[in-house]
Every structure is written in structure tokens, then in C-alpha cells.
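Working through the structure, step by step
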Amino acid sequence: MATATLHATDSHAHEHEHEHHELGFVQKYIFSEDHKTIAKQYLISGIIWAFFGGAMSIIFRLQLGFPNMDLTWLKPVLGQWIVEGKLEKEFYLALVTMHGTVMVFFVLTAGLSGTFSNFLIPLQIGARDMASGFINMLSYWFFFLASVIMFSSLFIETGPASGGWVIYPPLSALPQAMPGSGLGMTLWLTSMALFIVSQLMGGINYICTVINLRTRGMSFTKLPLTIWAFFFTAILGLLSFPVLLSAALLLIFDRSFGTSFYLSEIYIGGEALPNIGGSAILYQHLFWFLGHPEVYIVLLPALGITSEIIATNSRKPIFGYRAMIGSMMGITCLAFIVWAHHMFVTGMNPFLGSVFMFLTLIIAVPSAVKAFNYITTLWKGNLIFTPAMLFSIGLVSLFISGGLTGIILGNSALDINLHDTYFVVAHFHLVMGAASFFGLMAGVYHWFPKLFGKMMNKNAGYIHFWLTFVGVYCVFFPMHYIGLAGFPRRYYSFTALGNGRMEAFVDMNMFISIAAILTFLAQAIFAVNFFYSIFKGKRAPQNPWNSNTLEWTAPIDGIHGNWEGEIPAVYRWPYDYSKPGSAVDFIPQNVPYSATLESNFPEENEEIAKEKEIEGLLDTQNSVYNH
Amino acid sequence: MTYLIGLLSVVFLALAIMIVNKSMALSKGIQGAEQDSESPVDGANNINAIGFIVFLVLGSIGAAWSFLYSKPDLLPVAASDHGLITDKMFWISMGVITFAFFVTNALLFIFPFVYRYKKGNVATFYPVNHKLELIWTVIPAIVMAVLVFTGWRTWRDITAQAPDNAVVIEVTGHQFGWYVRYSGNDDNKLGNNNYKLIDDTNSLGIDYTDEKSFDDFTANEMHLPKGVPVLLKIKAQDVLHSVYLPYQRVKMDAVPGMPTKFWFVPNKSTDEMRYITGNPEFNYKLNCTEICGRGHFGMAITVFVDEPEEYAAWCKQQKPFLTQNPDFLAKVPEKLKSKAQKYIEAPAAQSDSTQASGATPAASTSLR
């Protein structure tokens, strides 16, 4: 299986590349086919989107935390959406909707997976680029187009889509139901269709690259966990995004061509609609068939990144490498068969509810295994707290804290009361929102030297971590209480709850809003650090974290084709940290066992015989790149 | 539960103070020592390690305090039979996850402190231990299995067929309010309705070709009998809504074109709740929990849970929709007119056409 796929690079190919090295500005930075540039494009787009998505949440948190506040000062930005000093009710819903859409899809899917799958897959498996650089470029530009359309929907008169990020019909299908279901929803659907196209092109590329372009010696069992995570993520996306596309297409038909896929027996705006026989629940099944895997599409890359960073900075092998792969595989498979736990109280057959409850709670087991393995990796390590390491530990904490409440929500009997309350909001923000965001941050801090050839400021990183970590808990921990008190989500205000229930949580809502604002402001530290370091950062050393993976053997200023000369061969797994007998506390993957006789385990000495074989694959590998 | 949290936080507090004390001295020593240019860490490494301990302590205290602070308002008094069961199950599950929460987070934050970088230390090469992994795969699996099994049994009971003696009430969501229809004093059966029959008066589209509709009455508030199974038949006219009775722990979506249902036994009357909560103004509410447009947050009606005899008395006072809107007699098919006639009050009947009054009671019996 040690295949050789890869790129090419005998000296011949190399010269060849050199001839083409002077790309024009457009080809180099805009319509680039280089995976490293595309990764940076994804990253910067993701960061920009994150600030927009965050800002939206701050505006609706102002409404929730300070319902009596005069918001006239926001009029220069929001214009007609501020009416008599108050946030327009429909615009509140629009903000909630766009915050969810932007964060889930544009930040945590494109920004996280798009950045790190693109950047790390070729570099960590030892490939010169993605299987198809052209499709990879298209993938980014489809995403860009989707972004432009989504962004433009913020500025139209009827407002952007406002039916919640899940856009359940009939609300999203009938323009007469709310203004946001007019042009705003059309733009949302168009944008998402393009986004899905982008994801599919990206996903196919990731899968092909991992399967076909591994360097000689890089068997599947020697892949870093990051790559395993990206690989599973791509498979999840490839299988589930098309379902969302079909859900969206049917919705487009219902909206524009008079079909009745989701519509039946509707009386609205003083007239009975002719649609008969559709099912609103059908949409929910289709949506969550993507929607649930999407949670793992967002989370798995973050977990992969964390595995790598925790092992490196604990100076220890990741505990249970195969168990980690196994649990990711388990999560990937189970992710497809738990979707209906989002629908326990939709009127779906209760028997189905039972089935999905069983399946859902099974998925807690591999998740628990992962958490325990991370903790055990820390045990008896020699821990170095780089900002990336801090964010990784933070991720594990958030993943545990948010994941545990999933045990309650996955229980359909308990979900009856908690469904669509703030308890759910708290749960998923911790386990997939904040945890994945921490994964993104950890990844940026860890691979910034490789991305830009510069170092970020560590102290700013520490401060950024602590403010964010404390802030995130302050925002989402109290939300559990509000949910347990029965506060429904997507409420503009809680006046209709009655019985003094709103009053009981005025302080807490205010606290959450203040914490959210501070946490949001703390991200400015990151932004400044990030952009400043790109230009003015200290020059990065070759291998700043003494890491084992292949990307740190590539030239500091990424070059087209990734390695000058031959791509390194791989002889060992990526987690030989602090190996007994070794003089250094890390042995990179490209160091053969024959060079480390003092630290080899008996079974590893047998591997020495295979080194010739691996070397022999060089020609095959090069030939891949040469035709 | 409360004690558990209190106890845990005290333990952690003590532990943490000890560790922090020790570490302060330690880190001072280290920082003062040589700034090794080869060292992979800077002075902040120890501070960050201590940070995790401080976070653990303050976080535990914060979690315990905030829980105690909001406890009185969490899961407001359950006012239905199944609500009592699910609440109990909730607190048991919560106990289990709170335990896991504190243990795992404590390890996660204590390890970084204990095993922070120290010059000359070498990490232990410890890549795998199958026994350990087996243990922590099996234990969560067993705990999960127990929780799932009890959850499943409760869920099965809650979603079982409603008992035959259940009082049937229809609740229909629309932008932005709820219509409530009762099955009437005579047959405890709801008549058909059809969205195409909706007009300004007949906002539910009640179908008067169905004789079961004749005694149905509507109301702007919901009355439920205490201690009796109530079957809610849930509908929506325009977009998705969701019936949420927070105190009764009832939630079920209202879906256009697909009637749903939920049955439960309310077990605390409004008066009892006023007494329990000490709030003479207390009223149950029915809220919407599925986003439905600009008025979503305000889409609520008041719910009264009455003693069964009070409920019966209240029902008796209600007039069927047909009685209040005798014009709809015209929609009743000829052969059922006499049956419907019963619900038309005398003055209304007199003002009616002779044709209507012509259908005499005698005729109706013969038709039967």
C-alpha cells in the first residue's frame, strides 16, 4: 500500500518548474492553483467572515441582554433596520439566521477545512500539490462567488434570509410569510448551491490526493491524524452535501415553479394555496441528513489539528493512534445515521425517535474515547504551552463540556422539554462552535510559520487564548440555565413567557451579552497579531516546534512544488516523540530506522529491511509527476 | 446534586490552593534562573500552566455558584405526570454528566500543570494501552446503555396511544396566534376541518358537512381538566409552529398538512400553581418554539388547568361555534339540518328562513 503517488521531482521536472516560476500576479495570488495560496485565500476569507458573523451575534446579543437600550447609534450601519431606536423584529431573525449560516458554512467549513485540508494534505503526505490544482482553484472561486452573493443579500431592501439557518419551509418557501423569504432567500439558496459545488470540488480533491499522492513509504498507518481527520471530513462532505443540494433545489422549485414538495394545505395571507401533498418534514429529513454530518465536518478537522498539536507540544506520541483513527471512523459512519435526533418533536413517528435515540447515544462512545486519549496524551508529558497548545487544550475542554449535554439532548424523552431552547444553543455552541473555532485558532498559531514563513507574537497569543477561553465559557455556560428555565431560542424578547420568568434572567442575559462583547473584542488581538505578523513577524525557523511531520522539511518560504529536489520518503509514524534511547526528543518521519539504531524497538529493526524497497519507489513516484 | 457540586468545588478549591501555592514558589525559582536560549519555552510556560489551575478553581466555583443561584428557576415546577418522570430522569442524567464534567476537566487542567515543561525532564513514551482503552470504551458504553434504556421506556410511554377517555382538544397555530377548538359537550369528537373552508369568520375552516362539528366550540384560551388525560391534536395553517407548554413539559411541532398529536395528564391546577409559586397572578402559557416570523416570540395564549368539575362547568357555558354563527347552518347538508338545528338558539332559528325551520325534528328522526 505504500504507494507512490506523488509528484515529481527528479531534477528534470524541477528545472521544468523553474522555467515557469515567474507567474504573473494574477496567477500567483488570485487564480492560483497552488494549494498553499488557496489555503491562505480560504483562511483570510474565513477570518473576514468570522468577524462579520461575530458582529451579527453582538447586535442580537445587545437586543437580548439590553432590551431597552436605545440603538439609534447603530443607524448609520443598519439604517432602516433600526426603528425608533429598536432593532427591527424581522431583522433580529435575519441576524440570527445569517450568524448561523456564516459561522457554520463560511467560517467553520470553508475557513477551517478549506484552509487546513488544502494546506496540510499535500505538505504532510509529501505531495507537490493537490491532485487537481485547477479544480482546487475553482473550488475556492465558487466559494468566493457564494460569499459575494450571501454578502450582497445583507443589503437588499427586504433583508437577508430570516427563517433560521435551517430555513425550514413553509416559512422559507412563502414570501408572504416574512419579507426575508423573498429575494433574500433566493440569494441564500443560490449562494448555498454554489457553496456546495465548491465543497464537492474541494472534497473530491482531498480524497484523491490522500489516496493517490502519498510519498513513498507513507502508508495509511503512517498518516498524521490531521490527514485522517481531513480525509474523513471530505468523505462526509462528499456524501452529505449533495443531499442538501437536492433539498435546496426542491425548495427552489417550490418557491419559483409552483411545485409542492414541501407544501401542503396552507392558508396564508387570506388565501388558501393550491399546494397539496407535500411534506414539510421531508425537508427536515433532507436538511439534517447533511446538517448532522455537517457538525462533524466542522469538528473532525479541529480534532485532527488538536491531535497533532497536543502530541507535538506534549513531546509524547498521541495516545492510542489506532483508537483515534477508529473512533473517527466510527464517528464518520454514525454521523450519517443520527440525523433525526434533531427532529424528535416534529411529529415524526415516535418509533423512529427511539431508533435515533439509540444510534445517537452510541456516537457518544467514540467521542468519549477521543477525549480520554487526549487527556492521557498529556499525562507524563513535558508540556510546552505554545498558543496553539493552549487552544488545543481549550478545545478538548469545550468538546467535553459541550459533548456531555449531548447525552441529555440525545435522549428523546428529555429532549421534549429542552428542544429549541437555549440549552440546545449552549450545547452546540460549545461542542461544535467554540470547539471548532478553537481548532481553527490552534491551527493558525501552529502552522503560521509554515503558511507565511513568519512567527506570530506569542504573548499576544497567550492573552488572546485566555480572554477567549474564559469568555466562551462565560457566554455559553449560563445559557444552559436559561434553557433549563424554558427559554425558547430565536425569541426577540421574552415578554410572552409570563410569570416573572423573564425578569429572573435579566441579569444573566445581560452578563452573557457583556461576556460576548468582550470575547468578540478580544479577537481584535488576534487580527492585529495575524496581519502584523504576516508582514513584520520574526522570520520562522525551519522547524519551530520540533515537529515530526513532513511539512517542516519543506523550505520555509513555500515554493511551487513544495520541495526542492526529491520529496522526502517516509519511514515511520509521525509520533516518535521522546523515544527511549534517542538523544533528541523527536524523530521526524523521514528519518529511516537504520539511522536510529539506538532507539529502535525490536520490531522496528525489521523495518530497516524495507527501506530499500521504499527507496526503490522513487522512480514510480516521480513518473506520476512527469507525464 | 447541589451537595455534590458543593463538595466537589470545596475539594478542588483546597487542592488548587495547595498547588498554586507550591507553584508560585516554583515558578519564581525557575524564572529567576537562567534564561536558556536553547529552551523551547519562555517564562510564560509556567504562568500558563498555573492559569489552567486557576481556571479550574475559579471555573468550578463559578459553575457551582451560578448553578445554585439559578437553581430556583431551573425546570419550573413540573405540572404533568410524565413531566415528573422526565424531570427525575433529567437530574439523574445531569448527575452523571456533572461527575464526568468535573473529573475530565479536572484531569485536563491538572495534567498541564503537573507535567509542564521542566528542563531535563523527558516525556514518557506511552503510545498505547489496550486495556485502558477497553475500559474507557466499555464504561461509557454501559452508562450510555442504561441511560438510553430508561430514556427509551419513558419515551415509549409518553408517545404511546392516548387512552380512550382522553379529552380531545385541537390547537391550531397560525401567524401569530393559536386557535383552540374543543370537541363539544355532546360527542367528545372533533369535526373535520378543511383549510379551503377558512374565511373571515370560520378561521378554522370547520366543515359543517360533518355532524361531529356541530357541537364543537372554540376559545381564545385553553382550559384543561386536571388529572384527566388530554389529547392535543395539533395543526398549523401557514408555516411551522410548535406547541410548548413549559410547565407541562409538552412540546410538539405544528405542521401544515400533517396533523400531529401529544397526550399528557396535567396534574396541577392553575390555583395549585398559584399557591405553590406564591404568585397570585400565575398563569400557564402555551408558547411557540418553532421560528415562524416576526411575531414568533409573542405567540402565546393563556392556559388554565381546572379541577374536573370546574372544567365541566366551563365547557357547559361555552356555546358551539354554530350557535354563535348560525349563518353556517346554510352549509349543513340537507339531511343533517335537523341535527344541526339543535344548536341554533331559538331567536336565531326564528329569524331563519322557513325552509330551515321546515326541517322538523320529526323528519330528522326518520332520516336517522
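As a starting point, this report considers the structure included with it. (Residues numbered from 1 in each chain as written. Chains lettered and ligands numbered in written order. Predicted model: local features only at pLDDT ≥ 70, side-chain atom pairs only at ≥ 80, totals over all residues.)

**Observations regarding the overall build of chain A**
A tally of regular secondary structure across chain A gives 21 helices and 6 strands. For a compact globule of 627 residues, the expected C-alpha radius of gyration is about 25 Å, and chain A comes in at 25 Å, within 12% of that figure. Each of the three principal axes of chain A carries a C-alpha extent, and together these read 80 × 55 × 50 Å. Across the 627 residues that make up chain A, the buried fraction comes to 62%. The long-range share in chain A, meaning contacts at least 24 apart out of those at least 6 apart in sequence, stands at 80%. (Helix = DSSP H or I, 4+ residues; strand = E, 2+ residues; numbered from the N terminus. Rg over C-alpha atoms; globule rule 2.2 N^0.38 Å. Buried ≥ 20, exposed ≤ 12 C-beta atoms within 10 Å, placed from the backbone. Contact = placed C-beta atoms within 7 Å.)

**Focus on helix α21 (residues 618-626) of chain A**
Residues separated by three or four positions in an α-helix point in the same direction, a consequence of the helix having 3.6 residues per turn. Three or more residues of α21(A) are buried, namely A:Gln621, A:Asn622 and A:Tyr625. In a view along the axis of α21(A), the buried residues occupy a sector of 95 degrees, so they form one face of it. (Arc of directions from axis to C-beta.)

**Thoughts on the sheet that holds strand β9 (residues 284-288) of chain B**
Residues and elements named next belong to chain B. Taken in spatial order, the 5 strands of this open sheet run β4-β10-β9-β6-β7, and their pairing is mixed. The outermost strands of the open sheet, each flanked by one partner alone, are β4 (222-225) and β7 (250-254). The average angle at which neighbouring strand axes cross in this sheet is 25 degrees, direction not considered. As paired elements, strand β6 (residues 241-245) and β9 share 2 bridges and run antiparallel to each other. What sits directly across from Val 243, in β9, is Cys 288. Against the sheet, helix α7 (residues 308-317) contacts β4 and β10 (301-306), and its axis sits at roughly 140 degrees relative to β4. (Pairing = 2+ DSSP bridges. Axes fitted to C-alpha atoms, helices over the stretch in contact; angles between N-to-C directions.)

**Focus: the sheet that holds strand β1 (residues 167-174) of chain B**
Residue and element names in this part refer to chain B. Read from one edge to the other, the open sheet built from 5 strands follows the order β3-β2-β1-β5-β8, with strand pairing classed as mixed. For this open sheet the edge positions go to β3 (217-219) and β8 (260-264), each flanked by a neighbour on one side alone. Strand-to-strand twist of the sheet, defined as the mean angle between neighbouring strand axes without regard to direction, takes the value 25 degrees. Across 3 bridges, the pairing between strand β2 (residues 177-182) and β3 is antiparallel. By the bridge assignment for β3, Tyr 182 is matched with Phe 217.

**Concerning the interface of chain B and chain A**
In this complex, chain B contributes 91 residues to the contact, which on the side of chain A involves 102 residues. The set of elements that each furnish at least two residues to the side of chain B that touches chain A consists of α2 (44-70), α3 (81-114), α4 (130-158), β6, β7 and β9 of chain B. It is α4(B) that contributes the most residues to the side of chain B that touches chain A, 14 residues altogether. Taken together, the residues of the side of chain B that touches chain A break down into 49 nonpolar, 28 polar and 14 charged. (Nonpolar A, V, L, I, M, F, W, Y, C, P; charged D, E, K, R; others polar.)

**Description of the nonpolar core**
Ranked by size, the top nonpolar core spans 294 residues in total, and within it A:Ala435, A:Phe438 and B:Val243 carry the most contacts. Among the elements that line this core, the one with the most residues is helix α5 (residues 89-125) of chain A, at 22 residues. When sequence neighbours within four positions are dropped, the list of residues in contact with B:Val243 reads B:Val171, B:Leu232, B:Ile234, B:Val250, B:Lys251, B:Met252, B:Ala254 and B:Leu286. (Core = buried A, V, L, I, M, F, W, Y, C linked by C-beta atoms within 7 Å.)

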